[in-house]
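Each chain is listed here by its residues.
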Amino acid sequence: MVHPNYAKVAEPKSSGIKVVIVGAGFAGLACAIECVRKGHEVLVLEKFREIKSLGHFGSNVGRIFERWGLHDEIWPVCNHLSQLTLHDANGDILTVQHFEELRYGAHNYSGHRGALHEILFNFARTLGIEIRLSQDVTEYDENESEAWVVSNGEKISADLVVGADGVRSKARTLVLGYDDKPKSSGYAVYRAWFDAYEQGVDKDPLTKFMTENGDCFHGWIGPDVHMLTSTARGGRLMSWVITHKDEADIEESWSFPGKMEDVLKVVEGYDPTCRAILSKAPSCVDWKIVYRDPLPTWISKGGRIVLIGDAAHPFLPTSAQGASQAIEDGITLAVALQLAGKENVRLAVQTWEKIRYQRVRKAQLFGEQVRDMWHKKKPEARGEEVEMPSPEWLLGHDSEKHAYEVYETTEKEVRENGYKLPELPAGFERGW
């Protein structure tokens, strides 16, 4: 039986719960939007940072965007890919994987991260959500009855503080009691996004196929390397991303400048098409993929400060689920607060973590498995053995509906048995 509040919008501020969200990325905005839809009062604090790269949302979040009425805004700025053609390092085709427009009853949305973010940001504003920019949050704290932050010298209190402030989260320090350090994953990513026509992609015999038949998607797989490239806006805009072995141990960054000569070294001896595509980019980003050990909890000791998104659980790019899982966090938290009520915020938070923890970890391990499938594939692997997986447990999930379905039994378990940290699934000890 579907919960009566499922997919419905509550009266403004009807729950009496005030939420302060630190960070206006995808996690923070989605949490803010759904909190308002569930009747909570919301303030978002953002230390503005521009992000320019490719963003992807699986159908597990596509159904949320559609429920919010954003499909007609988002769809035009996305690339529309009907298939992925995967090649080996010599250029021979390994498989042609066809995509349906709807997957498990909802759309996937892939496009420029900045364009997708702008749509969510503007939508949040239309809902009356207060978003303060240029905020420097220097303190997080809590007591029995409230939590607060200090931002630009001002103390701001709420029933709950949500740290959605990314991989270098200040909120994480409070939850852990120490500043955990990132570790090298052994891999790095070069990525670029540019105008294909301005860079002559349409004129080069080796690359013009990327612009001739609308949006297209190709990949090349070699030993410990995979390269993906796609076009959007009918072949006008191009992006590529190439993942490779890299032992450098540096701080996470979306904007570390890459050197094209280093990029081209990765594909020496490969299909000449790879070099031709990569060299068209006027510049690129060098993103060292680091990881943090999975946190034992995303909740502060007092239970009124929580972490969501990358602040709680960074993802490998090969999962294509980092932003999607961040949004699921926010959706589920908003529902949990609504069902628990103002007097039970800490119980709501504990129940929320119990609902989310295992699913997030399973999705993280999925990203590792996809990377290993490509980087360690057997030379004779073809067809389904190298296709990008799209499991129903991951992409067919409706986080709002699921939260309503399991909240009561999960909350009862927390109340009756006392709150216990979620058990880590198999694979935890490997990191990712």
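Because the structure is a prediction, the values reported are computed rather than measured.

Scoring rules and cut-offs
Residue numbers run consecutively from 1 along every chain, following the written order of its sequence. Only residues with pLDDT of 70 or above have their local features reported here, since the model is predicted, and side-chain atom pairs are shown and tallied only from 80 upward, although totals for entire chains, interfaces and linings are computed over all residues. Only hydrogens and water are set aside when side-chain values are computed; all heavy atoms of the structure are taken into account. In this description, a line fitted to the C-alpha atoms serves as the axis of each element, helices being fitted only across the stretch in contact, and the angle between N-to-C directions of two axes falls anywhere from 0 to 180 degrees. In this description a helix means any DSSP run of H or I spanning at least four residues, a strand means any run of E spanning at least two, and both kinds are numbered starting from the N terminus. An angle below 35 degrees is read as roughly parallel, one above 145 as roughly antiparallel, one from 65 to 115 as roughly perpendicular, and any other as oblique. Crossing handedness is defined as follows: a turn of the near helix away from the far one that is anticlockwise and smaller than a right angle gives a left-handed crossing, while the clockwise case is right-handed. The criterion used for residue contact is that any of the two residues' heavy atoms lie within 4.5 Å. Put simply, Ala, Val, Leu, Ile, Met, Phe, Trp, Tyr, Cys and Pro go in the nonpolar bin, Asp, Glu, Lys and Arg in the charged bin, and everything else, Gly too, in the polar bin. Between 30 and 60 degrees the pair is tilted, below 30 it is stacked and above 60 it is edge-to-face, where a pair is any two Phe, Tyr or Trp rings, Trp via its six-membered ring, whose centres lie within 6.5 Å. Relative accessibility thresholds used throughout: buried, under 20% of the residue-type maximum; exposed, over 50%; partly exposed, between the two (1.4 Å probe, protein chains only). Comment: the charge-over-ring label is applied if NZ (Lys) or CZ (Arg) is within 6 Å of the ring centre and within 35 degrees of the ring normal. Think of a nonpolar core as a cluster: buried Ala, Val, Leu, Ile, Met, Phe, Trp, Tyr and Cys residues, connected wherever their side-chain atoms sit within 4.5 Å. Domain boundaries shown here were taken from an automatic or database domain assignment. What counts as a disulfide here is a pair of cysteine sulfur atoms lying within 2.5 Å. Here, any two strands with at least 2 DSSP bridges between them count as paired.

1. Details of the packing of helix H9 (residues 322–340) against helix H12 (residues 399–417)
In contact at an axis separation of 9 Å, H9 and H12 are set at 45° when each is read in the N-to-C sense. Between H9 and H12, the angle falls in the class oblique. Our pair here, H9 against H12, has a crossing hand that is right-handed. Of H12, the residues touching H9 (which contributes Glu328, Ile331, Thr332, Val335, Ala336, Gln338, Leu339 and Ala340) are Ser399, Glu400, Ala403, Tyr404, Tyr407 and Glu411. Of the residues that constitute the contact of H9 with H12, the class distribution is eight nonpolar, three polar and three charged.

2. Examining the packing of aromatic side chains
Taken as a whole, this structure holds nine aromatic pairs when the rule is applied. Look at Phe26 and Phe57: their rings are 4.9 Å apart centre to centre, the planes differ by 85°, and that puts the pair in the edge-to-face class. Residue Phe26 is located in helix H1 (residues 26–37), and its partner Phe57 is located in strand S3 (residues 54–57); the two are separated by 31 residues in the primary sequence. Relative accessible area serves as the criterion here: at 0%, Phe57 is assigned to the buried category. Three or more aromatic residues joined by ring pairs form one cluster here, namely Phe26, Phe57, Phe65, Trp68, Trp75, Tyr109 and Phe123. Between the NZ or CZ atom of Lys155 and the centre of the ring of Trp148, over which it lies, the distance is 4.2 Å. Its end group placed over the ring of Tyr187, Lys245 keeps NZ or CZ at 4.9 Å from the ring centre.

3. Looking at the nonpolar core
By size, the foremost hydrophobic cluster in this structure holds 96 residues, and its most contacted members are Ile21, Phe57, Phe65, Trp68, Val149 and Val162. The residues that make up this core include at least three from each of domain 1 (18–79 + 108–180 + 294–382 + 398–417) and domain 2 (183–291). If near-sequence neighbours (up to four positions away) are discounted, Phe57 is found in contact with Phe26, Phe65, Asn108, Tyr109, Leu116, Ala323, Ser324 and Ile327. Counting 25 residues, the second-largest nonpolar core is a separate cluster that includes Phe194, Val266, Ile277 and Ala281.

4. A word on the state of the cysteines
Taken as a whole and assessed by the stated rule, the structure comprises zero disulfides. Of all cysteine sulfurs, the one in Cys35 lies closest to Cys31, which takes part in no disulfide; the gap is 4.0 Å. Its relative accessible area of 0% is what places Cys35 among the buried residues.

5. Here's the deal with the pairing of strand S16 (residues 225–232)
Buried residues dominate S16, accounting for eight of its eight residues. Side chains Val225, Met227, Thr229 and Thr231 of S16 all project onto a buried face; the interleaved residues His226, Leu228, Ser230 and Ala232 project onto the opposite face, where all are buried too. Pairing geometry for strand S15 (residues 217–222) and S16, over six bridges, is antiparallel. Residue pairing in the sheet places Gly219 in a bridge with Leu228 of S16. Here S15 folds back onto S16, and the loop between the two strands holds two residues, one of which, Asp224, carries a positive phi near 55°. In this structure, S16 lies alongside strand S17 (residues 237–245), joined through eight bridges in antiparallel fashion.

6. Observations regarding the sheet that holds strand S2 (residues 41–45)
Strand order in the open sheet formed by five strands is S9-S2-S1-S13-S19, and the pairing between neighbours is parallel. Strands with a single pairing partner mark the edges of an open sheet, and in this sheet they are strand S9 (130–132) and strand S19 (305–307). Averaged over all neighbouring strand pairs, the angle between strand axes comes to 20°, with direction disregarded. In this structure, strand S1 (residues 18–22) lies alongside S2, joined through five bridges in parallel fashion. Along S2, the bridge assignment pairs Ile21 with Val44.

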